[in-house]
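Listed below are the residues making up each chain.
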Amino acid sequence: MSPVFRRAADRLTDAAPGWLVETVRPAPAALRWEPMLRMAVAVTTPLLVGLAAGQIALGLLPAMGAMSTAMADRGGSYRARIILMSSAGSAGALGYLTGALTRGHGWWTVLVVVAVSLVSALLSTGGGAGSAAGLQLLVMTVLGTGIPLPGPPGPHALMFLLGALWALALALVHWPAHPRAAEEAAVIAVYRALTRLFADRGPGTLTAFDTALKNGYDTVLSARSAAAGTDPERTRLVALLNQSSLIRNALISLCQEEREPPGDLAAAVEEVAGSLAGGPEPHALRHACDSPALRALHSGARGAVELVSGGDIAADQVPYEPVGHRRRLRELWEKMWYGHLTRVYTVRLSLCMGVAGAVSEFGWFERSYWVMLTVALVLKPDFGSVFARAVQRALGTLAGTLIGTVVLLTVPYGPALLVPIAVFAALMPYGMQRNWGLMSAFQAPLVLLLVDLLTRGGPMLAEVRLVDTLAGCVIVLLLGYLPWPASWEAPVGPRFADAVSATAHYIRHAFDPDDPGRALLRRRTYDALADLRTVFQRAVTEPRVVSRRITTWMPAMTALEQVADATAATVARTEHGAPPPSGAAVEALVTSLEDIAADVRAGRTPRKPELADEETLERVNSAVQGLRDTVSGEHPDTGGGDGAGTGDGR
């Protein structure tokens, strides 16, 4: 960017409200050519087939099926991708069939859309696959009610499903040759992040490593659960992930001793990453260790070297807990029928979809199904802040319709439209990485061009799309956001208390060397901290009346991360020569953290913790005391009375 444009952008950033800057700020992301090309091929191939058959519109539904299914691809193991994409594609086909069968029945059609909204909201509680299925079920039901196509609905639904299968086949093209490519790439990313941690152990680098580690566990364990019996290679990958966590904790322990890690250990970790990527095996480690922290670091690095070189896997190197299908179904059922947030979301979505459907019956908008589509896409709480999505959708659609208008004015109807369609389809995965508004800016002209192929609506379609999208955003904000108390209380406080409880549970077992579940509890603690950061990042994009209270939780979150890191580092030392703490001292720590969690949930100021005076736990005790002071508002960084200790921001 030139200095002139950079200065102009800086001035706009300074003038804009903070919440708006956070809402439209794109996340950093590199161009990933493979998914971009795959999306372009998935969408344009059905259109090319229709063009060869003499009716380009015949490829519209397969192209939509391919686009919907490809958009559901979030990466990860092949098993996870198959489940996610298949759920989206099959639910989309069912939704289109439902909508097409009920099209043109007046208010009965509106009732069907509301009923599908109820089912969609319940499905969305079922994890990633349920969320994708619920969204596509509702979206394609709306499109089925709004887009008339000649012929019976059944063959059209099959055409949509055929496009979904085409997108799935493209995503799996490398599976036979590289069945573990995603899992191996995730583990390599963890060790690359670990290599950077040797050079810089600042908070940003630690967070980057923790994020990579969580993604690594999610990717490898989702693939591993599908294996019949023992899968040695995937088991080795899980063990490598656990070993990287031990190295991370030893690095923190060494940092607390104000010592730098030896160069040969840093080189060994880098060699492990290179070996995982297809390079030579790392060299064996020979190093003298003169402190518990250094012994812990050497032990962790040596374990990683042995694992990548084909060594045996110890039982405690595989921290995962198998969960049976019956337990998963029971948890899903309880969440679906007894979860307060599920009930609230179901009512909000059904109300807004009902109003949008009623608007369509009044005939106020030329293509009113776009109003319902906007409601379905924006009012998706598991995708982030509803307010932010409404703003991003409106701004993205505005930019996209302007681009689409230029294309419709300059590109003649017919095969030439396939070129910009391919370009916009390729840009959608990149936009999804950066910002939902940017994705909307690429999706809007793509949808315009697809509809133009069917209707020959010309440039006027852009104006219609913009008006309908803005109307849908207004419905969401007025009926699905502003009247609901949950919109004004981002759940940072409860998530913070959950993370404190998870940390306390980990500390209770952390210093028992015979406890086989310590590694799993440590991972759950850092997972809880990662979930807390996600909720916080979503909350800061809300309007100032919400985000102003939420930002006061940042010092408390930092203090809690320091407790978890101090604990992990102390455990690393005690496992390699440092004296272990007494059971009474550990129990005092656990009790103090549980009291803090209970006080946060009740909105009370936490009491002063009663901690045992033991040198082994000095850093952990100090971190817990700092956590209590920060949460209670005694720490100057909390910003005074409107801080974390007041219970605001729940």
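Only a predicted model underlies this, so the values are computations on that prediction, with no experimental measurement involved. (Residues numbered from 1 in each chain as written. Predicted model: local features only at pLDDT ≥ 70, side-chain atom pairs only at ≥ 80, totals over all residues. Heavy atoms only, no water.)

Overview of the overall build of the protein
The criterion, for reference: In DSSP terms, a helix is any run of H or I states spanning at least four residues, a strand is any run of E spanning at least two, and both are numbered starting from the N terminus. Each residue is assigned to one of three classes by its accessible area relative to the maximum for its type, calculated with a 1.4 Å probe on protein chains only: buried under 20%, partly exposed between the two thresholds, exposed over 50%. Whether two residues are in contact is decided by their heavy atoms: any pair within 4.5 Å suffices. The Shrake-Rupley method, run with a 1.4 Å probe, gives the accessible areas here. Residue values count only the displayed protein chains as cover.
The secondary structure content of the protein amounts to 26 helices and zero strands. Looking at the protein as a whole, 53% of its 650 residues qualify as buried. For the protein, long-range pairs separated by at least 24 residues make up 78% of all intrachain contacts whose partners lie at least 6 apart in sequence. With an accessible surface of roughly 28400 Å², the protein has 62% of that area assigned to carbon and sulfur atoms.

Let's talk about helix H16 (residues 369-378)
Counting buried positions along H16 yields ten of ten residues, so the element is predominantly enclosed. Within H16 the residues assigned to the buried category are Tyr369, Trp370, Val371, Met372, Leu373, Thr374, Val375, Ala376, Leu377 and Val378.

Description of the packing of helix H21 (residues 492-510) against helix H24 (residues 554-574)
Stated formally: For helices, the fitted line uses only the C-alpha atoms of the stretch in contact; every axis is such a line through C-alpha atoms, and the angle between N-to-C directions lies from 0 to 180 degrees. Here the word oblique covers every angle except those under 35 degrees (roughly parallel), over 145 (roughly antiparallel) and from 65 to 115 (roughly perpendicular). Note on convention: near helix rotated counterclockwise from far helix by under a right angle means a left-handed crossing. Clockwise means right-handed. Note on residue classes: Ala, Val, Leu, Ile, Met, Phe, Trp, Tyr, Cys and Pro are nonpolar, Asp, Glu, Lys and Arg are charged, and everything else, Gly too, is polar.
Running from N to C, H21 and H24 cross one another at 15°; their axes reach a closest spacing of 11 Å. Considered as vectors, H21 and H24 are oriented roughly parallel to each other. As H21 runs across H24, the sense of the crossing is left-handed. Here Phe496, Ala499, Val500, Thr503, Tyr506, Ile507 and Ala510 of H21 lie close against H24, whose contacting residues are Ala556, Met557, Leu560, Val563, Thr567, Ala568 and Val571. Considered class by class, the residues forming the contact of H21 with H24 number twelve nonpolar, two polar and no charged.

Thoughts on the pattern of salt bridges
For clarity, the threshold we go by: Salt bridges are defined by distance alone: a side-chain nitrogen of Lys or Arg within 4 Å of a carboxyl oxygen of Asp or Glu.
Under the defined criterion, the tally for this structure stands at 18 salt bridges. In this structure, the salt-bridge partner of aspartate 73 is arginine 81, at a minimum N-O distance of 2.8 Å. Salt bridges sharing common partners tie together Glu34, Arg38, Asp73 and Arg81.

A word on the environment of glutamate 575
Worth spelling out the cut-off: Within 3.5 Å is the distance limit for a polar contact, defined as a pair of N or O atoms, with the added protein rule that one can donate a hydrogen and the other accept it, and that residues adjacent in sequence qualify only through two side-chain atoms.
Within the fold, glutamate 575 resides in the loop between H24 and helix H25 (583-602). Between the C-alpha atoms of glutamate 575 and alanine 293, which are 282 residues apart in sequence, the distance is 9.2 Å. In terms of polar contacts, glutamate 575 uses its side chain to reach the side chain of arginine 518, at 2.6 Å.

Focus on a nonpolar patch on the surface
Convention followed: For patches, a residue must show more than 30% relative accessible area and have no salt bridge; joins then use 9 Å for like charges and 5 Å for nonpolar side chains, namely Val, Leu, Ile, Met, Phe, Trp and Tyr.
Side chains of Leu31, Trp33 and Leu37 sit close together on the surface and give an oily, nonpolar patch of about 350 Å² of accessible area. Mapped onto the fold, leucine 37 is located in helix H3 (residues 33-52). With a relative accessible area of 53%, leucine 37 lands in the exposed category.

Quick word on the environment of glycine 400
As for its position among the elements, glycine 400 is in helix H17 (residues 386-410). Classification of glycine 400 as buried rests on a relative accessible area of 0%. In sequence terms glycine 400 and proline 445 are 45 residues apart; their C-alpha atoms lie 5.4 Å from each other.

Points about the packing of aromatic side chains
The criterion, for reference: Note on aromatic contacts: the rings of Phe and Tyr and the six-membered ring of Trp form a pair at centre separations within 6.5 Å, being stacked when their planes are under 30 degrees apart, edge-to-face when over 60 apart, and tilted otherwise. In our convention, an over-ring charge means Lys NZ or Arg CZ found within 6 Å of a ring centre and within 35 degrees of that ring's normal.
Summed over all chains, the structure comprises two aromatic pairs. Between tyrosine 78 and tryptophan 175, the ring centres sit 5.6 Å apart and the planes meet at 20°, which makes this aromatic pair stacked. Of this pair, tyrosine 78 sits in helix H5 (residues 78-102) while tryptophan 175 sits in the loop between helix H8 (153-171) and helix H9 (181-199); the two residues are 97 residues apart in sequence, bridging distant segments of the chain. Taking relative accessible area as the criterion, tyrosine 78 reaches 8% and is therefore assigned buried. Ring plane angle 50° and centroid distance 5.1 Å describe the contact between phenylalanine 496 and tryptophan 553, whose orientation is recorded as tilted. One end of the pair, phenylalanine 496, is in helix H21; the other, tryptophan 553, is in the loop between helix H23 (544-550) and H24, with 57 residues separating them in the sequence. A relative accessible area of 1% places tryptophan 553 in the buried class. Over the ring of tyrosine 217 we find arginine 523, and its NZ or CZ is 4.6 Å from the ring centre.

Quick notes on the packing of H9 against helix H12 (residues 263-276)
Closest axis-to-axis distance for the H9/H12 pair is 9 Å, and the angle between their directions is 160°. Between H9 and H12, the interaxial angle falls into the category roughly antiparallel. Note on packing geometry: the crossing formed by H9 with H12 is left-handed. Contacts between H9 and H12 involve Val187, Ile188, Tyr191, Arg192, Leu194, Thr195 and Phe198 from the former and Leu265, Ala266, Val269, Glu270, Val272, Ala273, Gly274 and Leu276 from the latter. Here the residues of the contact of H9 with H12 are counted per class, giving eleven nonpolar, two polar and two charged.

Observations regarding the confidence of the model for the protein
Here is the rule we go by: What pLDDT reports is the predictor's confidence in each residue, on a scale of 0 through 100.
The share of residues in the protein with pLDDT of 70 or more is 82%, and the mean pLDDT across the chain is 79. When mean pLDDT is compared element by element in the protein, H8 scores highest at 91, while helix H1 (residues 3-15) scores lowest at 43. Taken together, the stretch residues 225-229 has pLDDT below 50 and engages in three contacts with residues farther than four places along the chain or on a different chain. Across residues 645-650, confidence stays below pLDDT 50; counting only partners more than four residues off in sequence or on other chains, it has 25 contacts.

Observations regarding the side chain of serine 440
Relative to the elements of secondary structure, serine 440 occurs in helix H19 (residues 436-455). On the basis of relative accessible area, serine 440 is assigned to the buried category, the value being 1%.

Thoughts on the environment of serine 350
Secondary-structure assignment places serine 350 in helix H15 (residues 340-362). Taking the relative accessible area as the measure of exposure, serine 350 reaches 10% and is therefore buried. Counting along the chain gives 230 residues from serine 350 to serine 120, while the straight-line C-alpha distance between them is 9.6 Å. Aside from chain neighbours lying at most four places away, what touches serine 350 is Val114, Ser117 and Leu118.

Let's talk about the side chain of serine 244
By the secondary structure assignment, serine 244 is in helix H11 (residues 232-256). Residue classification places serine 244 among the buried positions, given a relative accessible area of 0%.

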